[in-house]
Amino acid sequence: MFFKKQTTWIKLFDSLTSANDRIAIGNVATLQIGNKKVCVAHTSEGFFAVNDKCPHNGASLGSGFCTDKGSVVCPVHRYHFDLKTGRAKSGGGDYVQPYPIEVRDGAVFIGFEETVWNLF
Ligand code: FES
């Protein structure tokens, strides 16, 4: 293999308390992380993150809302995207990039996967 996948983890919140204070259950928010805009959703199953830009027409998903069925809903045309897979619930080819979220040592991290050369 000439390439391998590697995940870079970035701390979003120092604690679950600060995460809950920033994004209460049932809410979403847009966070700027480096050069990426990410929509972070807080559901009864925990925190989820997807790319903030709606693939339909570019609206900010972080200005929408999330459902108790695990979707983020775009504020413009109300497309629903599964927070785990990124797929549009209506079917078709619309897809938003999901990012993994992990809670470690009480802090909340987001992972960005990238492909790197693996020559040796
Ligand atoms: S811009 Fe998001 S559904 Fe149309």
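Check the entry above for the structure.
Rules behind the numbers
- Residues numbered from 1 in each chain as written.
- Predicted model: local features only at pLDDT ≥ 70, side-chain atom pairs only at ≥ 80, totals over all residues.
- Helix = DSSP H or I, 4+ residues; strand = E, 2+ residues; numbered from the N terminus.
- Rg over C-alpha atoms; globule rule 2.2 N^0.38 Å.
- Buried ≥ 20, exposed ≤ 12 C-beta atoms within 10 Å, placed from the backbone.
- Contact = placed C-beta atoms within 7 Å.
- Core = buried A, V, L, I, M, F, W, Y, C linked by C-beta atoms within 7 Å.
- Pairing = 2+ DSSP bridges.
- Axes fitted to C-alpha atoms, helices over the stretch in contact; angles between N-to-C directions.

> Whenever I open this one, the overall build of the protein confuses me. Can you help?
A count of helices and strands for the protein gives 1 helix and 10 strands. The secondary structure elements of the protein, listed N-terminal to C-terminal, are β-α-β-β-β-β-β-β-β-β-β. A compact globule built from 120 residues should have a C-alpha radius of gyration of about 14 Å, and the protein, at 15 Å, falls within 12% of that. Overall, the C-alpha framework of the protein stretches about 45 × 35 × 25 Å when taken along its three principal axes. A total of 120 residues make up the protein; the buried ones form 27% of that total. In the protein, 45% of the contacts between residues at least 6 apart in sequence involve partners at least 24 apart.

> I'm lost on the nonpolar core in this one. Help?
Among soluble globular proteins, nonpolar side chains are generally buried collectively. Counting 27 residues, the largest nonpolar core has C39, V40, A41, A49, V50, L61 and V72 as its most contacted members. For this core, the secondary structure elements donating two or more residues are strand 1 (3-13), strand 3 (36-43), strand 4 (46-51) and strand 10 (107-117).

> How should I be thinking about the pairing of strand 4 in this particular structure?
Consecutive side chains along a regular strand alternate between the two faces of the sheet. Two elements, strand 3 and strand 4, share 6 bridges in a ladder whose sense is antiparallel. Paired with T43 across the bridge in strand 4 is G46. As consecutive antiparallel partners, strand 3 and strand 4 are separated by 2 residues. Looking at chain direction, strand 4 and strand 8 (residues 98-99) are connected through 2 bridges and run antiparallel. Within strand 8, the position partnered with A49 by the bridge is Y99.

> It is not clear to me how the sheet that holds strand 8 should be interpreted in this structure. Could you clarify?
Two strands in a sheet stick together by hydrogen bonds in their backbones, pointing the same way (parallel) or opposite ways (antiparallel). Pairing is antiparallel across the open sheet formed by 4 strands, whose spatial order is 2-3-4-8. Of all the strands in the sheet, just strand 2 (27-33) and strand 8 have a single pairing partner and so form its edges.

> Explain the sheet that holds strand 9 (residues 101-104) to me, please; I cannot follow it from the model alone.
Ordered by their spatial adjacency, 3 strands build an open sheet running 1-10-9, and the pairing between neighbours is antiparallel. Since the sheet does not close on itself, it has two edges, and those belong to strand 1 and strand 9, each with one partner. If you compare each strand with its neighbour and ignore which way they point, the axes differ by 40° on average. Where strand 1 and strand 10 come together, 10 bridges link them in antiparallel fashion. Paired with F13 across the strands is V108, a residue of strand 10.

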